[in-house]
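So the chains spell out like this:
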Amino acid sequence: MSSKILDGRKIAAETEQKITQEVALLSNKGIKPTLATILVGNDPASETYVKMKQNTCARVGMESKAINLSDNTSTQELLKVIQDLNNDNGVHGILLQHPVPQQIDERKCFDAINPAKDVDGVTSAGFGAMSMGLSAYGSCTPAGIMRMLEYYEIDLTGLHAVVVGRSPILGKPMAMMLLNANATVTICHSRTQNLECRVKEADLVVGAVGIPNFIQRNWLKHNVIVIDAGYHPQQCGDVDLEGIENIASFHTPVPGGVGPMTINTLILQTLRAAQKASL
Ligand code: NAP
């Protein structure tokens, strides 16, 4: 048996071609899809992520409007920036790079984003709507994972999905998306007891913990589908993937699995927001 790779790079490259064509169509009508990126402070990892997002925009012909704020920005100042972007008809999507410096009320700032421009899927309103199965932009990493599962025609109906992690941008929305796709979902976190046993029950496991190689390969059931959302500088994820090809039925590699789908989903959702605004 050999586990099939869920190839995020391939899907992202294919989708980018389609996005580029749709962006050109919209641009010909005088509408340039535009993503505003807000970076507060100078955390090197965040700077890199924002740069990658801007580069992807440029590749597909979208505009990006970079707003860089100092480390000591206050919540009020950031709220004002977000309000101005909400009111700017030339901006279709707003990305506030997470995390922001400690003095800022991040949730308040996320929730100030107009849901119509919430292409990163971070607002409470967007999360609520998505959870209810209503139209909303999903949080990009879990939404990217769902697109990947769809691409490989993996039917989630009745599968027991175990999500390890419950962050607002990853674990929680992931669990709701899997539930909406008719999986039976268990959400695990740092207070979960007998985590190994929970993971052993999974037909599909999502690693969203933020600890390198945390989920051990001997916790995995034979034929499990492994989604590793983790990414660490040592080029590994949250699941110990060594020998995974002999255990899983499908798995996401690290790098090249979940990561490329996240930015791809961001630009896809920005395009959709621009298309909606043009109607
Ligand atoms: P986070 O906000 O730190 O959340 C981590 C979650 O893991 C929390 O819910 C925490 O539980 C849980 N956890 C921590 N220690 C645990 C333990 N010993 N046992 C069980 N659960 C435990 O992290 P995040 O933002 O969701 O990110 C998670 C991972 O995904 C990171 O590796 C990050 O780099 C990666 N990520 C990748 C992308 C991408 O584009 N590929 C995007 C976002 C994140 P509590 O809630 O109880 O504290």
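Owing to the predicted nature of the structure, the values given are computational and were not obtained by experimental measurement. Positions within a chain are numbered from 1, following the residues in the order the chain's sequence is written. Given that the model is predicted, a residue must reach a pLDDT of at least 70 before its local features are reported, and side-chain atom pairs must reach 80 or more before they are shown or counted; all residues, however, enter totals for whole chains, interfaces and linings. For side-chain calculations, the full set of non-hydrogen atoms in the structure is used, while hydrogens and water are omitted.

Chemist: Where do I start with the side chain of Lys 53 in this structure?
Modeler: Working definition: helices are DSSP H or I runs of at least four residues, strands are E runs of at least two. Numbering for both runs from the N terminus. For Lys 53, the position within the fold is in helix α2 (residues 44-60). An unpaired buried charge is present at Lys 53: no salt bridge exists, and Asp 120, the closest side chain of opposite charge, is 5.3 Å distant. There is a polar contact of 2.9 Å between the side chain of Lys 53 and the side chain of Gln 97. Contact definition: two residues touch when any of their heavy atoms are within 4.5 Å. Setting aside chain neighbours within four positions, we find Lys 53 in contact with Leu 95, Gln 97, Ile 263 and Leu 266. Only protein chains enter the area calculation, which uses a 1.4 Å probe; residues under 20% of their type maximum are buried, those over 50% are exposed, and those in between are partly exposed. Asp and Glu count as negative and Lys and Arg as positive, but His and the ends of the chain are not part of the count. A carboxyl oxygen of Asp or Glu within 4 Å of a side-chain nitrogen of Lys or Arg is what we treat as a salt bridge. Whenever two N or O atoms come within 3.5 Å, that pair is a polar contact, provided that in protein one can donate a hydrogen and the other can accept it, and provided that, for residues adjacent in sequence, both atoms are side-chain atoms.

Chemist: Would you mind going over the pattern of salt bridges with me for this structure?
Modeler: Two side chains carrying opposite charge are able to pair once their charged atoms lie near each other. Evaluation of the coordinates by the stated rule reveals 9 salt bridges. Two residues, Asp 203 and Lys 221, come together in a salt bridge whose shortest N-O distance is 2.7 Å. Of the two residues, Asp 203 is situated in the loop between α8 (195-200) and β7 (204-207) and Lys 221 in the loop between β7 and β8 (225-228); the sequence distance between them amounts to 18 residues. Take Asp 203: its relative accessible area is 22%, and that puts it in the partly exposed class.

Chemist: Help me out: how do you make sense of the packing of aromatic side chains in this one?
Modeler: Aromatic ring pairs are defined here through the distance separating the ring centres and the angle between the ring planes. Between the rings of Phe, Tyr and Trp (Trp by its six-membered ring), a pair exists once the centres lie within 6.5 Å; its type follows the angle of the planes, with under 30 degrees stacked, over 60 edge-to-face, and the other angles tilted. As enumerated under the stated definition, the model contains 2 aromatic pairs in all. Seen in terms of ring centroids, Tyr 151 and Tyr 152 are 5.1 Å apart; in terms of plane orientation they differ by 65 degrees. Their pairing is edge-to-face. Judged by its relative accessible area of 32%, Tyr 151 is partly exposed.

Chemist: Quick question: what am I supposed to make of the site of the ligand here?
Modeler: Contacts to the ligand come from 21 residues, most closely from Arg 166, Ser 167, Ser 190, Ala 229 and Thr 262. At 3.4 Å, a backbone N or O of Val 209 approaches an oxygen atom of the ligand. At 3.3 Å from an oxygen atom of the ligand is found a main-chain nitrogen or oxygen belonging to Ala 229. Protein coverage of the free-state accessible area of the ligand, which is 920 Å², stands at 69%. Here a residue is near a molecule or strand as soon as one of its heavy atoms is found within 4 Å of it. Only the protein chains shown count as cover for residues, and the accessible areas themselves come from Shrake-Rupley with a 1.4 Å probe.

Chemist: Is there a simple way to explain the packing of helix α1 (residues 8-28) against α2 in this structure?
Modeler: Helix-helix packing is described using two parameters, namely the angle between the two axes and the distance between the axes. Relative to each other, α1 and α2 sit at 65 degrees, their axes nearing to 8 Å. Only Thr 56, Arg 59 and Val 60 of α2 make contact with α1, whose side of the interface consists of Glu 16, Ile 19, Thr 20 and Val 23. Grouping the amino acids of the contact of α1 with α2 by side-chain chemistry returns 3 nonpolar, 2 polar and 2 charged. Structural elements are reduced to axes, namely lines fitted to C-alpha atoms, with helices fitted over the stretch in contact, and the angle between N-to-C directions of any two is expressed from 0 to 180 degrees. Classification convention: Asp, Glu, Lys, Arg as charged; Ala, Val, Leu, Ile, Met, Phe, Trp, Tyr, Cys, Pro as nonpolar; all other residues, Gly among them, as polar.

Chemist: Would you explain the nonpolar core in this entry?
Modeler: Among soluble globular proteins, nonpolar side chains are generally buried collectively. In plain words, nonpolar cores are sets of buried Ala, Val, Leu, Ile, Met, Phe, Trp, Tyr and Cys residues tied together by side-chain atoms within 4.5 Å. Counting 28 residues, the largest nonpolar core has Leu 149, Leu 178, Leu 204 and Ile 227 as its most contacted members. At the level of secondary structure, the elements contributing two or more residues to this core comprise α6 (140-151), β5 (160-164), α7 (171-180), β7, β8 and α9 (258-277). Ranked by residue count, the leading element in this core is α6, at 5 residues. Setting aside chain neighbours within four positions, we find Ile 227 in contact with Leu 6, Ile 145, Leu 149, Leu 204, Val 205, Val 206, Gly 207, Thr 252 and Val 258. Core analysis: the next-biggest nonpolar cluster, separate from the first, contains 20 residues, Ala 36, Val 81, Ile 82 and Val 91 among them.

Chemist: Quick question: what am I supposed to make of unusual backbone geometry here?
Modeler: For residues that are not glycine, phi is negative in most cases, and the peptide bond is trans in most cases. Going from His 98 to Pro 99, the amide bond is cis rather than trans, its omega being 0 degrees. As for its position among the elements, Pro 99 is in the loop between β4 (93-96) and α4 (106-112). The omega torsion of the bond from Val 254 to Pro 255 falls at -5 degrees, within 30 degrees of zero and hence cis. Of note in the backbone geometry, Glu 153 takes a positive phi value of approximately 55 degrees without being a glycine. Within the secondary structure, Glu 153 sits in the loop between α6 and β5. Look at Glu 153 and you get exposed, because its relative accessible area is 70%.

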